[in-house]
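Here is what each chain is made of, one letter per residue.
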Amino acid sequence: MQNQKEFIYRLRELMKANGDNTVTLAKKIGAKSQSITHWLSKQRIPKIIYLENIADCYGVSVDYLLGRADY
């Protein structure tokens, strides 16, 4: 992922704004909480399906998550 730092920042902000932690987000998007921990610590990048699920969960675009759009 080209702008992993922006993704991590935006994901953290969205999680905080919605009162989610890695466990609650994992349940919402069908992932393992350990995977989200790995994304947030730059150990791994999410698969496309999880980017789509995160975007749908929070009502944002994948471009927003990746720092390609500001809305």
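It should be noted that the structure appears before, not after, this text.
Now for a look at the structure at hand. (Residues numbered from 1 in each chain as written. Predicted model: local features only at pLDDT ≥ 70, side-chain atom pairs only at ≥ 80, totals over all residues. Heavy atoms only, no water.)

### What about the side chain of Asp20?
- Secondary-structure assignment places Asp20 in the loop between α1 (4-17) and α2 (22-29).
- A relative accessible area of 12% places Asp20 in the buried class.
- Engagement of the side chain of Asp20 in a polar contact is seen with the side chain of Thr24, the distance being 3.2 Å.
- A distance of 2.9 Å separates polar atoms of two side chains, one belonging to Asp20 and the other to Lys28.
- Among all residues touching Asp20, those that are not within four sequence positions of it are Met15, Leu25, Lys28 and Tyr58. (Helix = DSSP H or I, 4+ residues; strand = E, 2+ residues; numbered from the N terminus. Buried < 20%, exposed > 50% of the residue type's maximum accessible area, 1.4 Å probe, protein only. Polar contact = N/O pair within 3.5 Å; in protein donor to acceptor, adjacent residues only side chain to side chain. Contact = heavy atoms within 4.5 Å.)

### As for the side chain of Gln4
- Relative to the elements of secondary structure, Gln4 occurs in helix α1.
- If near-sequence neighbours (up to four positions away) are discounted, Gln4 is found in contact with Trp39, Lys42, Arg44 and Ile45.

### What about the environment of Ala55?
- Within the secondary structure, Ala55 is located in helix α4 (residues 48-58).
- Since its relative accessible area comes to 4%, Ala55 is described here as buried.
- For Ala55 and Leu11, which are 44 residues apart along the polypeptide, the C-alpha to C-alpha distance reads 9.6 Å.
- Contacts of Ala55, omitting those with residues within four sequence positions, involve Val60, Ser61, Val62 and Leu65.

### Quick notes on the packing of aromatic side chains
- With the rule as written, the count across this model stands at one aromatic pair.
- Between Trp39 and Tyr50 the ring centres are 5.7 Å apart and the planes differ by 45 degrees, which places this aromatic pair in the tilted class. Taken together, the positions of Trp39 in helix α3 (residues 33-40) and Tyr50 in helix α4 put the pair 11 residues apart, joining distant regions of the chain.
- Exposure remark for Tyr50: the relative accessible area of 21% places this residue in the partly exposed category. (Phe/Tyr/Trp six-rings, centres within 6.5 Å; stacked < 30°, edge-to-face > 60°.)

### Overview of the nonpolar core
- Residues Phe7, Leu11, Trp39, Ile54 and Tyr58 are the most contacted members of the largest nonpolar core, which totals 19 residues.
- Of all the elements in the fold, those that place two or more residues in this core are α1, α2, α3, α4 and α5 (62-65).
- Residue contributions to this core peak at five residues, all from α1.
- Look past the residues within four positions of Tyr58 in its chain and what remains in contact with it is Leu11, Leu14, Met15, Asn18, Asp20 and Leu25. (Core = buried A, V, L, I, M, F, W, Y, C linked by side-chain atoms within 4.5 Å.)

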